[in-house]
Amino acid sequence: SPFYLAKHELTVAEFRAFVNASGYQTTAELEGSAYGLKDGNWGWQNGFNWRNPGFSQSDQHPVTCVSWYDAISYCNWRSQNEGLSPVYNIDKSRKDPNNSNTGDNYKWTVSLLPGAKGYRLPSEAEWEYAARSRGKNYKYVWGNDEKPYISGSKAANVADESFDKKQISWHIYFGGYDDGYVYTAPVGSFSANELGAFDMGGNVWEWCWDWYDSGYYGKSQSIDPLGAGSSSYKVVRGGSWYSFP
């Protein structure tokens, strides 16, 4: 079914406006750490959060180190800020019985409010449809080329020649391609896909609404599926600046 999708990823400036207006603290700030890269090692890094992801960012870079809870909280705030009905009912007092993630310290019970017209995360099916330029049979967001180009222009911020200079031994990268950024890039720095959406591949991973289930689409409804009813993880899509082919 038709839906609206933001043209680019949420920026640091947009997220800061939310924090300044509401006083919200992200889960990374509350816990004192976030997942990231430090000294060539991936893992939970003390002191990492959206203000300090381990590298410098401007206001026009995509915000990172935000959890799924942070993302839905932002959506509700922006809806209310623009006079729209919030999409999510967020019950922080009740543990979600559908959440089997033993490392989740929150387990808020979150449900969709019927008829709400505010901001929300896309379902994975919606994300996939948009990433494939309305569902085309493409291998990558930019098409079927093995390197991230659209009509000769660079199309993604991924693990490339710039990233390889960091000499992280385990990774594979897009050889012969240099997007010019070691870490994140300002949103919209590269060519949009055929739908007009930027950074659907690379830059930062993007949250979807759904619980993750590897076998879900073999048994789901074919129109507007919303994901599994329970799981340990929420879906992230799109890869990021450190993602390889």
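On a predicted model such as this, the values are computed, not experimentally measured, just so you know.

The rules behind these values
- Residue positions are counted from 1 within each chain, in the order its sequence is given.
- Confidence filtering applies because this is a predicted model: local features only for residues at pLDDT of at least 70, side-chain atom pairs given and counted only at 80 or more, and all residues used for totals across whole chains, interfaces and linings.
- Hydrogens and water are ignored here; the side-chain numbers use all heavy atoms of the structure.
- In this description a helix means any DSSP run of H or I spanning at least four residues, a strand means any run of E spanning at least two, and both kinds are numbered starting from the N terminus.
- When we talk radius of gyration, it's over C-alpha atoms, and the globule rule is simply 2.2 Å times the number of residues to the 0.38.
- When accessible area is computed with a 1.4 Å probe and restricted to protein chains, residues below 20% of their type maximum are described as buried, those above 50% as exposed, and intermediate ones as partly exposed.
- A contact between two residues is defined here by any heavy atoms of the two lying within 4.5 Å.
- Polar contacts, as counted here, are pairs of nitrogen or oxygen atoms within 3.5 Å of one another; within protein the pair requires one atom able to donate a hydrogen and one able to accept it, and residues that are adjacent in sequence qualify only if both atoms are side-chain atoms.
- In plain words, nonpolar cores are sets of buried Ala, Val, Leu, Ile, Met, Phe, Trp, Tyr and Cys residues tied together by side-chain atoms within 4.5 Å.
- Any two strands with at least two DSSP bridges between them are considered paired.
- Working rule for helices: expected span equals 1.5 Å times residues minus one.
- Fitting a line to C-alpha atoms yields each axis, with helices limited to the stretch in contact; the angle taken between N-to-C directions then spans 0 to 180 degrees.
- If an angle is under 35 degrees, it is roughly parallel; if it is over 145, roughly antiparallel; if it lies from 65 to 115, roughly perpendicular; otherwise it is oblique.
- The definition used for a disulfide is geometric: two cysteine sulfur atoms within 2.5 Å.
- Here a Phe, Tyr or Trp ring, Trp counted by its six-membered ring, pairs with any other such ring whose centre lies within 6.5 Å, and the pair is stacked when the planes are under 30 degrees apart, edge-to-face when over 60, and tilted otherwise.
- The rule is short: NZ of Lys or CZ of Arg within 6 Å of the ring centre and within 35 degrees of the ring normal puts a charge over the ring.

(A) The overall build of the protein, seen in detail. If you tally the helices and strands in the protein, you get five helices and eight strands. Listing the helices and strands of the protein from first to last along the sequence gives α-α-β-β-α-β-β-α-β-β-α-β-β. Here the C-alpha radius of gyration of the protein, 18 Å, is about what a compact globule of 245 residues would show, namely 18 Å. Scored against the burial criterion, the 245 residues of the protein give a buried share of 43%.

(B) Quick peek at the environment of Ser231. Position of Ser231 among the secondary structure elements: in the loop between strand E7 (206-211) and strand E8 (234-237). C-alpha separation for the pair Ser231 and Tyr88, spaced 143 residues apart in sequence, amounts to 19 Å. Discounting chain neighbours no more than four positions away, the residues touching Ser231 are Asn98, Asn99, Ser100, Asn101, Trp211 and Tyr212. For Ser231, the side chain forms a polar contact with the main-chain nitrogen of Tyr233, separated by 3.5 Å.

(C) Up close: the nonpolar core. By size, the foremost hydrophobic cluster in this structure holds 22 residues, and its most contacted members are Phe15, Phe18, Trp50, Trp68, Tyr88, Val110 and Leu121. Counting only elements with at least two residues in this core, the list comes to helix H1 (12-22), helix H3 (68-81) and strand E4 (108-112). Excluding residues that lie within four positions of it along the chain, Phe18 makes contacts with Gly23, Tyr24, Asp70, Ser73, Tyr74 and Trp77. Ranked by size, the runner-up nonpolar core spans 17 residues in total, among them Ala131, Tyr140, Phe174 and Tyr177.

(D) Inspection of the pairing of strand E2 (residues 41-46) at higher detail. Where strand E1 (residues 33-38) and E2 come together, six bridges link them in antiparallel fashion. Each residue of the ladder has a partner; that of Lys38, found in E2, is Asn41. Count of turn residues in the E1/E2 antiparallel hairpin: two residues, of which Asp39 carries a positive phi of about 55 degrees.

(E) Quick look at unusual backbone geometry. Of note in the backbone geometry, Asp199 takes a positive phi value of approximately 60 degrees without being a glycine. Structurally, Asp199 is set in the loop between helix H5 (161-164) and E7. Look at Asn203: it is not a glycine, yet its phi comes out positive at around 70 degrees. Among the structural elements, Asn203 can be located in the loop between H5 and E7. Judged by its relative accessible area of 0%, Asn203 is buried.

(F) Molecular detail of H3. The first and last C-alpha atoms of H3 sit 20 Å apart over 14 residues, in line with the 20 Å expected at 1.5 Å per residue. Of all 14 residues making up H3, 11 are buried, and the element is well covered by its neighbours. Those residues of H3 not exposed but buried are Trp68, Tyr69, Asp70, Ala71, Ile72, Ser73, Tyr74, Cys75, Asn76, Trp77 and Ser79. The secondary structure elements touched by the buried residues of H3 are H1, helix H2 (27-31), strand E3 (88-95), E4, E7 and E8. At the C-terminal side of H3, Gly83 shows a positive phi close to 75 degrees.

(G) Fine view of the packing of H1 against H3. Across the interface, H1 lies against H3 with an axial gap of 11 Å and an inter-helix angle of 75 degrees. In terms of their interaxial angle, H1 and H3 are classed as roughly perpendicular. Contacts from Glu14, Phe15, Ala17, Phe18, Ala21 and Ser22 of H1 reach H3 at Asp70, Ser73, Tyr74, Trp77 and Arg78.

(H) The state of the cysteines, seen in detail. In the structure shown here, the tally under the stated rule is zero disulfides. Counting only cysteine sulfurs, Cys208 is the nearest neighbor of Cys75, a cysteine outside any disulfide, at a range of 12 Å.

(I) Representation of the packing of aromatic side chains. This structure, assessed with the given rule, holds 25 aromatic pairs. Ring centres of Phe18 and Trp77 lie 5.5 Å apart, and the angle between their planes is 45 degrees; this geometry places the pair in the tilted category. Of the two residues, Phe18 sits in helix H1 while Trp77 sits in helix H3, which places them 59 residues apart along the sequence. Between Trp142 and Phe174, the aromatic rings sit 6.0 Å apart at their centres with planes inclined by 70 degrees, giving edge-to-face as the arrangement. In this pair, Trp142 is assigned in the loop between helix H4 (124-131) and strand E5 (149-150) and Phe174 in the loop between H5 and E7, connecting sequence segments 32 residues apart. The class for Trp142 is buried, based on a relative accessible area of 12%. Its relative accessible area of 4% is what places Phe174 among the buried residues. Taken together, the ring pairs connect Phe15, Phe18, Tyr24, Trp50, Tyr74 and Trp77 into an aromatic cluster. Cation over ring: Lys234 sits above Trp209, and NZ or CZ is 4.7 Å from the ring centre. The aromatic ring of Trp211 is capped on one face by Lys234, whose charged end is 4.0 Å from the ring centroid.

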